[in-house]
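Structure assessment
Spelled out from the first residue to the last, the chains are:
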Amino acid sequence: MGKFWRLDTLSYLGLWLLIAAVAILGRILPLSNPYGGWPAPDFLLALTFAWILRRPSQIPAVAVVLVFLIEDLFVMRPPGLWALAVLVGSEFLRRRSQVVREMNLLLEWGMVAGVMLAMTVANRLALVIVMSPRDPIDLSAAKLAVTIAVYPLVVWVLQGVLRVRKPATGEVDELGRKL
């Protein structure tokens, strides 16, 4: 618990929260679709997964749940359902961050795509079970495909611009603990 309160960890958490706020604001503003008929990708989901696979200690599970719960409320989805799916998916990936450290981007992309597909299917099944309104299946599939397609771009921005990289094998922090 003590390593969470370090200044660099808190600054990266603050940066992720700021990006999440901008992404949610971008989703609720009534802007025209700049993607030419394609649905907008879920940049926040892709960024969250990429960040958790690179530095899992910088984004705690509580922050993930709260941000996606707020997003559920703002975009008028059933509160907590997508947040729960994102929590399960992110924790699945967090537990595998040591394995992903040695993977190349193509394998990581495939694993993240599988997690996103499982989350989308589970979300749709839950909505069918409770007979809640849901997006048409082609729109959900297109949004999933676009989100999966932009994942490498999100990883590139995360590593190139924000300087959040996978720790090297054997890398230690300032206190000598293994990352």
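Rules used throughout
Residues numbered from 1 in each chain as written. Predicted model: local features only at pLDDT ≥ 70, side-chain atom pairs only at ≥ 80, totals over all residues. Heavy atoms only, no water. Phe/Tyr/Trp six-rings, centres within 6.5 Å; stacked < 30°, edge-to-face > 60°. Helix = DSSP H or I, 4+ residues; strand = E, 2+ residues; numbered from the N terminus. Buried < 20%, exposed > 50% of the residue type's maximum accessible area, 1.4 Å probe, protein only. Lys NZ or Arg CZ within 6 Å of the ring centre and 35° of its normal. Axes fitted to C-alpha atoms, helices over the stretch in contact; angles between N-to-C directions. Parallel < 35°, antiparallel > 145°, perpendicular 65-115°, else oblique. Left-handed = near helix turned anticlockwise from the far one by under 90°. Contact = heavy atoms within 4.5 Å. Nonpolar A, V, L, I, M, F, W, Y, C, P; charged D, E, K, R; others polar. Salt bridge = Lys/Arg side-chain N within 4 Å of Asp/Glu carboxyl O.

1. With respect to the packing of aromatic side chains
Under the criterion given, the structure shown has 1 aromatic pair. Between the aromatic rings of Y12 and W51, the centroid separation amounts to 6.1 Å while the plane-to-plane angle is 75°, which identifies the pairing as edge-to-face. Of the two residues, Y12 sits in helix α1 (residues 7–28) while W51 sits in helix α2 (residues 43–54), which places them 39 residues apart along the sequence. Classification of W51 as buried rests on a relative accessible area of 0%. The side chain of R96 reaches across the aromatic face of F92, ending 3.8 Å from its centre.

2. Observations regarding the packing of helix α3 (residues 61–74) against helix α4 (residues 81–95)
Running from N to C, α3 and α4 point in directions that differ by 150°, and their axes come no closer than 8 Å. Taken together, α3 and α4 sit at an angle that is classed as roughly antiparallel. Relative to α4, the crossing made by α3 is right-handed. Packed against α3, whose contacting residues are A61, V64, V65, F68, L69, E71 and D72, the element α4 presents L81, W82, A83, V86, L87, S90, E91 and R94 at the interface. For the contact of α3 with α4, the residue count by class is 10 nonpolar, 1 polar and 4 charged.

3. Brief notes about the pattern of salt bridges
In total, this model carries 6 salt bridges according to the counting rule given. For R77, the salt bridge goes to E71, with nearest N and O atoms at 3.2 Å. On the accessibility criterion, E71 (1% relative accessible area) is buried. E91 is the salt-bridge partner of R95, the closest N and O atoms lying 3.9 Å from each other. Here R95 and its partner E91 are both found in helix α4, 4 residues apart, which amounts to about one turn of the helix. The structure contains a network of salt bridges with shared partners spanning R27, E71, D72 and R77.

Note that every value here comes from positions in space, so none of it alone points to a role or purpose.
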